[in-house]
Amino acid sequence: DGPVQLDLLIAHTEFEESAVRGSRVFGSGPEKLAAVTPGDLIVYKTLRFSSQDRADIEEVVKAAGADVDWERAERYAKEFDVEDRVAWARSLERQ
């Protein structure tokens, strides 16, 4: 296994605070790691939407499968005016 890149999140907005509250914990003891849900990660990635973000979204959708809360993602997409980007991400689920 090679290096793993992690993004650090400091919550400032209601969405970010909600994403942190809903995060999932992996590991145990001192080696615990919390990660936002696949749907929240997709929303984050649509905000910037660089070519790397789009590639990441494709991987998240492929890995998460039915584990994406699309209703929640679409609600925040509307708030951030990125509905078209989340719709694109959701279309990947059907490929």
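Everything below is about the structure printed above this text.
Notes on the layout of surface pockets
So, point 1. By volume, the largest pocket is sized at about 930 Å³.
So, point 2. Around the largest pocket, the lining comprises 24 residues; the ones closest to its centre are Leu-6, Asp-7, Ala-35, Val-36 and Leu-41.
So, point 3. Elements supplying a minimum of two residues to the lining of the largest pocket: β1 (24-26), β2 (33-35), α2 (38-48) and α3 (51-64).
So, point 4. Residue contributions to the lining of the largest pocket peak at 5 residues, all from α3.
So, point 5. Each residue belonging to the lining of the largest pocket can be placed in one class, and the counts come to 16 nonpolar, 3 polar and 5 charged.

Examining the side chain of Glu-16
So, point 1. If you trace the backbone, Glu-16 turns up in helix α1 (residues 14-21).
So, point 2. Of the side chains with opposite charge, Arg-21 comes closest to the buried, unpaired Glu-16, at an N-O distance of 11 Å.
So, point 3. Not counting residues within four places of it along the chain, the set of residues in contact with Glu-16 comprises Leu-9, Ile-10, Ala-11 and Tyr-44.

Thoughts on helix α5 (residues 83-92)
So, point 1. Along α5, the positions that sit buried rather than exposed are Val-86, Ala-89 and Leu-92. End-on, the buried residues of α5 take up no more than an arc of 105°, which puts them together on one face.
So, point 2. Buried positions along α5 lie against α2, α3 and α4 (70-80).

The rules behind the values
- Think of each chain on its own: its residues are numbered from 1, step by step along the sequence as written.
- In keeping with the model being predicted, local features are shown solely for residues with a pLDDT of at least 70 and side-chain atom pairs are shown and tallied solely at 80 or more, while totals for entire chains, interfaces and linings include all residues.
- With hydrogens and water stripped out, all remaining heavy atoms of the structure feed into the side-chain values.
- Grid spacing is 1 Å over the protein atoms alone, the probe is 1.4 Å, and a cavity is where that probe fits but cannot get out, while a pocket is an open set with protein on both sides within 12 Å along at least five of seven lines and lining residues have an atom within 4 Å of a point.
- Grid points are joined across faces, edges and corners, and a volume is the space filled by probe spheres set on the points.
- Starting at the N terminus, helices and strands are each numbered in turn, a helix being any DSSP run of H or I of at least four residues and a strand any DSSP run of E of at least two.
- Each residue is assigned to one of three groups, with Ala, Val, Leu, Ile, Met, Phe, Trp, Tyr, Cys and Pro labelled nonpolar, Asp, Glu, Lys and Arg labelled charged, and all others, Gly among them, labelled polar.
- To sort residues, take the accessible area from a 1.4 Å probe on protein chains only and compare it with the maximum for the residue type: under 20% means buried, over 50% means exposed, and anything in between is partly exposed.
- When charges are counted, Lys and Arg contribute as positive and Asp and Glu as negative, whereas His and the chain ends are disregarded.
- Whenever Lys or Arg places a side-chain nitrogen within 4 Å of a carboxyl oxygen from Asp or Glu, that contact is recorded as a salt bridge.
- Here, residues are in contact when the closest pair of their heavy atoms is within 4.5 Å.
- The directions considered for the arc run from the helix axis to the C-beta atoms.

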